[in-house]
Amino acid sequence: MLDHLESVLANEVVAVKRGQFIIEVKPQGVSKGIVADKVFTSIANDERKADFVLCIGDDRLDEEMFKIIENAMSRIVSPNAAVFACTVGQKPSKVKYYLDDTAEVINMLEAFAEISDPCPSPDEKPENSL
């Protein structure tokens, strides 16, 4: 499949890459790392700071994104921020955290959802207000 896609798309402005169990076709010059960097640059330019960052990847193609996140931390996170970069599956990676499989990803996300405080809408009054 990879050979076929590379042949068929040879004259297109796309990149064809093999990952673990995937073949990725995307516009040239676009990557998860570049997108992450643009998001973080936007946050920094607005003089905002993130208090929570979660990045999950399962493939060697995600390593660029993990590196960008590591380099951006000093620009975009508040001093008490919670930062989690995780890879799915035990493999060599730049990240600190590993999840065994997608079931663990779902369990982690559900746990985060349970402990998160929902942001009140602008129309809602706090419980103690008159």
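For the structure itself, consult the block above.
Okay, so let's go over this structure. On a predicted model such as this, the values are computed, not experimentally measured, just so you know.

1. Topic: the nonpolar core
Reasoning step 1: Formed by 15 residues in total, the largest nonpolar core has its most connected members in Phe 40, Val 53, Met 65, Phe 66, Ile 69, Met 73 and Ile 76.
Reasoning step 2: Of all the elements in the fold, those that place two or more residues in this core are helix 2 (32-45), strand 3 (50-57), helix 3 (63-76) and strand 4 (77-88).
Reasoning step 3: It is helix 3 that provides the largest number of residues to this core, a total of six residues.
Reasoning step 4: Apart from residues lying up to four places away in sequence, Ile 76 is in contact with Phe 40, Ile 43, Ala 44, Arg 48, Lys 49, Ala 50 and Val 53.

2. Remarks on the pattern of salt bridges
Reasoning step 1: Within the structure shown, the criterion is met by three salt bridges.
Reasoning step 2: Close ionic contact of Lys 26 with Glu 24 constitutes a salt bridge, the shortest N to O distance being 3.1 Å.
Reasoning step 3: By relative accessible area, which is 15% here, Glu 24 ends up buried.
Reasoning step 4: Ionic pairing is found between Lys 32 and Asp 62, a salt bridge with its closest N-O pair at 2.6 Å. Here Asp 62 lies in the loop between strand 3 and helix 3 and Lys 32 lies in helix 2, a separation of 30 residues in the sequence.
Reasoning step 5: Judged by its relative accessible area of 41%, Lys 32 falls in the partly exposed class.

3. Section: the sheet that holds strand 5 (residues 97-99)
Reasoning step 1: Taken together, three strands build an open sheet; the order of strands is 3-4-5 and the sheet is parallel. Because the sheet does not close on itself, it has two edges, and the strands there are strand 3 and strand 5. Neighbour-to-neighbour, the strand axes of the sheet open up by a mean angle of 25°, direction not taken into account.
Reasoning step 2: In terms of strand pairing, strand 3 meets strand 4 through seven bridges, oriented parallel.

Thresholds, definitions, all that
Residues numbered from 1 in each chain as written. Predicted model: local features only at pLDDT ≥ 70, side-chain atom pairs only at ≥ 80, totals over all residues. Heavy atoms only, no water. Core = buried A, V, L, I, M, F, W, Y, C linked by side-chain atoms within 4.5 Å. Buried < 20%, exposed > 50% of the residue type's maximum accessible area, 1.4 Å probe, protein only. Helix = DSSP H or I, 4+ residues; strand = E, 2+ residues; numbered from the N terminus. Contact = heavy atoms within 4.5 Å. Salt bridge = Lys/Arg side-chain N within 4 Å of Asp/Glu carboxyl O. Pairing = 2+ DSSP bridges. Axes fitted to C-alpha atoms, helices over the stretch in contact; angles between N-to-C directions.

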